[in-house]
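A look at the structure
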Amino acid sequence: MLQFNLDLIDIIIICVALVVVLVLSVCIGYSYRKKVAERKIMSAEESANKIVEEGRKQAEAIKKEKLLEAKEENHRLRSEIDKEIKDRRNEINKLEQRLQNKDENLDRKQQSLEVREENLKKSIQSLDVRAKEIDVLIEKQNAELERVSGLSQAQAREMLLESLEKDIVHESAQKIRESEALVKEECSKKARWIISCALQKAAVDFVSESTSSVVELPNDEMKGRIIGREGRNIRALEAATGIDLIVDDTPEAVILSGFDPVRREVARLAIEKLVVDGRIHPARIEEMVEKARREMDTKIKDLGEQAVFEVGVHGIHPELVKLIGRLNYRTSYGQNILKHSLEVAFLSATIAAEIGADVRIAKRAGLLHDIGKAIDHEVEGPHVQIGADVAKKYKENNNIIHAILAHHGDVEATTVEAVIVQAADAISASRPGARRESVEAYVKRLQQLEEISDSFEGVEKSFAIQAGREVRIIVKPEKITDDQMLVLARNIANKIESELDYPGQIKVNVIRENRACEYAK
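Residues numbered from 1 in each chain as written. Predicted model: local features only at pLDDT ≥ 70, side-chain atom pairs only at ≥ 80, totals over all residues. Heavy atoms only, no water.

We now examine the nonpolar core. Core analysis: the largest hydrophobic core is formed by 33 residues, its most contacted members being I316, I324 and L367. Sorting the residues of this core by element identifies α6 (282-311), α7 (318-326), α8 (337-355), α9 (359-368), α10 (383-393), α11 (398-406) and α12 (416-430) as the ones contributing at least two each. Looking at which element gives the most residues to this core, the answer is α11, with five residues. Apart from the residues within four sequence positions on either side, I316 is in contact with V308, V321, I324, R364 and L367. Counting 29 residues, the second largest nonpolar core, distinct from the first, contains V215, V254, I300 and L303. (Core = buried A, V, L, I, M, F, W, Y, C linked by side-chain atoms within 4.5 Å. Buried < 20%, exposed > 50% of the residue type's maximum accessible area, 1.4 Å probe, protein only. Helix = DSSP H or I, 4+ residues; strand = E, 2+ residues; numbered from the N terminus. Contact = heavy atoms within 4.5 Å.)

Below is the structure:
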């Protein structure tokens, strides 16, 4: 135990000694490091002082250098500013000099203008005096002219106006003649080309028909059977068909007379059936007439459908198709109306295609333009109005109805297609051989042409020539001048258009001739 305590004390002593040695070492190290640090601090302070001194010296050198550069730059800028100021002053001096010169020029011009104004005032005063003198002279001259000529101013003015009017009429007539000649030449070429193309594409044959039909019989004995006992058969035929039967000396034939071609055709078919059948009595006659009517209705419908198909129009009401077929049994001046309508449709389509109009409307209007003639025997009124009413009833286009109304000029044509139908109708009707008329109507039309021409003042004699397609008018040369001939021809043409009905067109040819006659004795 004691030994243990001794060891413990030794250990404590050793530890204390170690602690003392450690403290002494720390103190000695601290003192050494403090001295070293102090030496380093002193060295650093000396270095810093040197660096600061050197920096101060360098800063002073740089400052001196920059001050010198600033002085030089300042001197340079001052020199440039002085130079610019000097240039500006020179420019200002020049401008002042120019302004001074302009002022002087303006002063001189103003003085010159004042002088000219004064001269103008004097000239105006002189002119006023001269004008008064001229007015006095003109009055004296007018008075002298009136005394010498024996005419007043109003009379002289009237003579001058009359002379001017004659000159104006002459010049205007000359201008009109030149313009019309040029326009007619161009339009005539174009129209001839269009019409020739249209006619080549729509050549239709026409046949002349009358108000009677001939039915051939196998022998003359059949005439007696048709007449029947006490004429009962012929009376039954006439009552059933509405057609007059003429049984005369014509061998092996009877004549059917009536204004309605459909009824005549029904009567012809019925008689032909009765002749073939051989049984001719009132009951059989009524049966055959009814059968002929049914066949006629079917034939009319087939003709209408064929015409519509041939023209190439669609959507026409079935009743209109039947009316188109009935046109095959209607004639005007001997011209078959169905064939005429087909030709007008083809012509209208061709002309519309050439000038860029609506081909469909033109073709349809051309086919339907005379549709009123199919029932004009049954309905009162002109065929134009009847046709328009029928087209309206069956819901045709307004342009089609307008073309029907306007194709004879009863109303003014307001669409291109209506004008085309007018032209196509005139072309079809005026073709040579297309129509015929009675001798009485033909002669009457020629007389009316000459009477209309003779009704104008200055006309000496007129002659209707070329089958009424030209009227040649001889005028009195002392009453009608060359310039007035153009006006006279136009007035006569307008009166013919308004008062006369005729197919195609009529040429008005005015002739003025001066003749000198003397006898040698």
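Now that the structure has been shown, we can carry on.
Take α9 next. With respect to burial, α9 is a largely interior element, eight of its ten residues being buried. Buried within α9 we find I361, A362, K363, R364, A365, G366, L367 and L368. Where α9 begins, one side-chain oxygen reaches toward the backbone nitrogen of R360, 3.1 Å away; that side chain belongs to D358. (Polar contact = N/O pair within 3.5 Å; in protein donor to acceptor, adjacent residues only side chain to side chain.)

What follows covers the packing of α10 against α11. At their nearest, the axes of α10 and α11 sit 8 Å apart, and the two run at 170° to each other. One finds that α10 runs roughly antiparallel with respect to α11. Contacts between α10 and α11 involve V384, Q385, G387, A388, A391 and K392 from the former and I401, I404 and L405 from the latter. Classifying every residue of the contact of α10 with α11 gives six nonpolar, two polar and one charged. (Axes fitted to C-alpha atoms, helices over the stretch in contact; angles between N-to-C directions. Parallel < 35°, antiparallel > 145°, perpendicular 65-115°, else oblique. Nonpolar A, V, L, I, M, F, W, Y, C, P; charged D, E, K, R; others polar.)

Attention now moves to a nonpolar patch on the surface. On the surface, L8, I12, V16, V20, L24 and I28 cluster together to form a nonpolar patch covering roughly 550 Å² of accessible area. Structurally, the position occupied by V16 is in helix α1 (residues 2-149). According to the relative accessible area criterion, V16 is partly exposed, its value standing at 46%. (Patch = residues over 30% accessible without salt bridge, like charges linked within 9 Å, V, L, I, M, F, W, Y side chains within 5 Å. Areas by Shrake-Rupley, 256 points an atom, 1.4 Å probe, with all protein chains shown as cover. Salt bridge = Lys/Arg side-chain N within 4 Å of Asp/Glu carboxyl O.)

With that settled, the discussion passes to unusual backbone geometry. Backbone geometry at E230 places phi at a positive 55°, although glycine is not the residue there. Structurally, E230 is set in the loop between α3 (221-227) and α4 (232-241). Using a relative accessible area of 72% as the deciding quantity, one classes E230 as exposed. Located in the positive-phi region is K395, a residue other than glycine, with phi close to 60°. Here K395 shows up in the loop between α10 and α11.

The pairing of strand β2 (residues 244-246) with strand β3 (residues 253-257) spans three bridges and is antiparallel. Looking at the pairing, D244 lines up with S257 of β3. Taking the residues between adjacent antiparallel strands as the criterion, β2 and β3 are bridged by six residues, where E252 takes a positive phi near 55°. (Pairing = 2+ DSSP bridges.)

What follows deals with helix α5 (residues 261-277). Relative to the 24 Å expected for 17 residues at 1.5 Å per residue, α5 spans 24 Å between its end C-alpha atoms, a close match to the ideal helical length. Where α5 terminates, the next one or two residues include G278, which has phi positive at roughly 90°. (Expected span 1.5 Å × (residues − 1).)

The values are spatial; any link to function lies outside them.
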